[in-house]
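# Coordinate inspection notes
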Amino acid sequence: MKRLLFISNWLYLFSLSLWVAGMFLLGILVEIMVRINLKDQKLVASTIMNRIMDIFNINIIYTCIMIMVLAEIIKLLVANYSSAGFKPQVVTKRRYTREVFLAVMIVLAIYVGSVLRPEMHAMDKLKKANPADQKLQIQFDRYHSQLTWLYTINMVLGLSLFYIHSKEIIRFSIQRTESR
């Protein structure tokens, strides 16, 4: 059981790291580099960013979500049905803060991947077909701003999950040391 908990914790942290670091990398570094290096080739820059964001928002984030949810289910099953005496650490004022943060992150990620991303693609196609239409550019910029805010919220929640998880690990380590 201990090995299973260790593996599920490791997978949870790895997935969370990939998710948060990927948002930072794409949202800040990749987008800036593509805009700067391809400022004269806006159609190419748009195509590259769309493909990168599609892969990240669908393949990588959804995989991270599945792994993190599976890790949480494993912890829940071990806590409820194992004779090993595992009790999840509660290090926040509210018992399910970590789970609520993860749930909000998942809902926002699904919204970005399944709703906002297709709308941005459709608007981008219209914008490319009618480059002189400023209304399309304004609408695309609104979508992009919304995407940026949702990524920011998810990054803050992800960093909060790292903080909560580190407090759980520290408290578990202290309890193990005291019980020896």
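Structure: above.
Now for a description of the structure that goes with this document. (Residues numbered from 1 in each chain as written. Predicted model: local features only at pLDDT ≥ 70, side-chain atom pairs only at ≥ 80, totals over all residues. Heavy atoms only, no water.)

## A look at the overall build of the chain
Rules: Secondary structure counts use DSSP, requiring at least four H or I residues in a row for a helix and at least two E residues in a row for a strand, with both numbered from the N terminus. Any residue under 20% of the maximum accessible area for its type is buried, any over 50% is exposed, and the rest in between are partly exposed; the area is computed with a 1.4 Å probe on protein chains only. It only takes one pair of heavy atoms within 4.5 Å for two residues to be counted as in contact. Only the protein chains shown count as cover for residues, and all accessible areas are computed by the Shrake-Rupley method using a 1.4 Å probe.
Secondary structure assignment for the chain yields 4 helices and 0 strands. For the chain, the proportion of its 180 residues judged to be buried stands at 34%. Of all intrachain contacts in the chain linking residues separated by at least 6 positions in sequence, the fraction that spans at least 24 positions is 83%. For the chain, the exposed surface amounts to about 11,700 Å²; the carbon and sulfur share of it is 67%.

## A few points about the environment of Leu157
Positionally, Leu157 belongs in helix α4 (residues 134–179). In this structure Leu157 comes out as buried when scored by relative accessible area, which is 12%. The spacing of Leu157 and Val20 is 137 residues in sequence and 9.2 Å in space, taken between C-alpha atoms.

## Some points on helix α3 (residues 97–129)
Quick reminder of the rule: What a helix should span is 1.5 Å times the count of its residues minus one. The quantity called bend is, for any residue, the angle between two axes fitted respectively to the seven residues ending at it and the seven beginning at it.
Here α3 spans 46 Å end to end across 33 residues, near enough to the 48 Å set by a 1.5 Å rise per residue. Within α3, the axis deviates most sharply at Val112, by approximately 40 degrees.

## What about a nonpolar patch on the surface?
Our working rule: Think of a patch as exposed residues, more than 30% relative accessible area, with no salt bridge, where like charges cluster within 9 Å and nonpolar side chains (Val, Leu, Ile, Met, Phe, Trp, Tyr) cluster within 5 Å. Throughout this description, the term salt bridge denotes a Lys or Arg side-chain nitrogen within 4 Å of a carboxyl oxygen of Asp or Glu.
A cluster of nonpolar side chains, Phe6, Ile7, Trp10, Leu11, Phe14 and Leu18, forms an exposed patch at the surface whose accessible area comes to about 610 Å². Following the sequence through the fold, Leu11 ends up in helix α1 (residues 2–37). You can call Leu11 partly exposed: its relative accessible area is 32%.

## Concerning the packing of α1 against α3
In plain terms, the rule: To obtain an axis, a line is fitted to C-alpha atoms, over the contacting stretch when the element is a helix, and the angle between two such axes runs from 0 to 180 degrees between their N-to-C directions. In these notes the angle categories are as follows: under 35 degrees is roughly parallel, over 145 is roughly antiparallel, 65 to 115 is roughly perpendicular, and the rest is oblique. A clockwise turn of the near helix away from the far one marks a right-handed crossing, whereas an anticlockwise turn of less than a right angle marks a left-handed crossing. Side-chain classes are defined by residue name, with Ala, Val, Leu, Ile, Met, Phe, Trp, Tyr, Cys and Pro counting as nonpolar, Asp, Glu, Lys and Arg as charged, and the others, Gly among them, as polar.
Relative to each other, α1 and α3 sit at 45 degrees, their axes nearing to 14 Å. On the basis of the axis angle, α1 is oblique to α3. The two elements α1 and α3 meet at a crossing, and its hand is left-handed. On α3, the residues that touch Tyr12, Leu16 and Trp19 of α1 are Arg98, Leu102, Met105, Ile106 and Ala109. Grouping the constituent residues of the contact of α1 with α3 by class yields 7 nonpolar, no polar and 1 charged.

## A closer look at the side chain of Lys127
Take Lys127: it is sitting in helix α3. What makes Lys127 buried here is its relative accessible area of 18%. When residues no more than four places from it in sequence are discounted, the contact partners of Lys127 are Leu136, Gln137 and Phe140.

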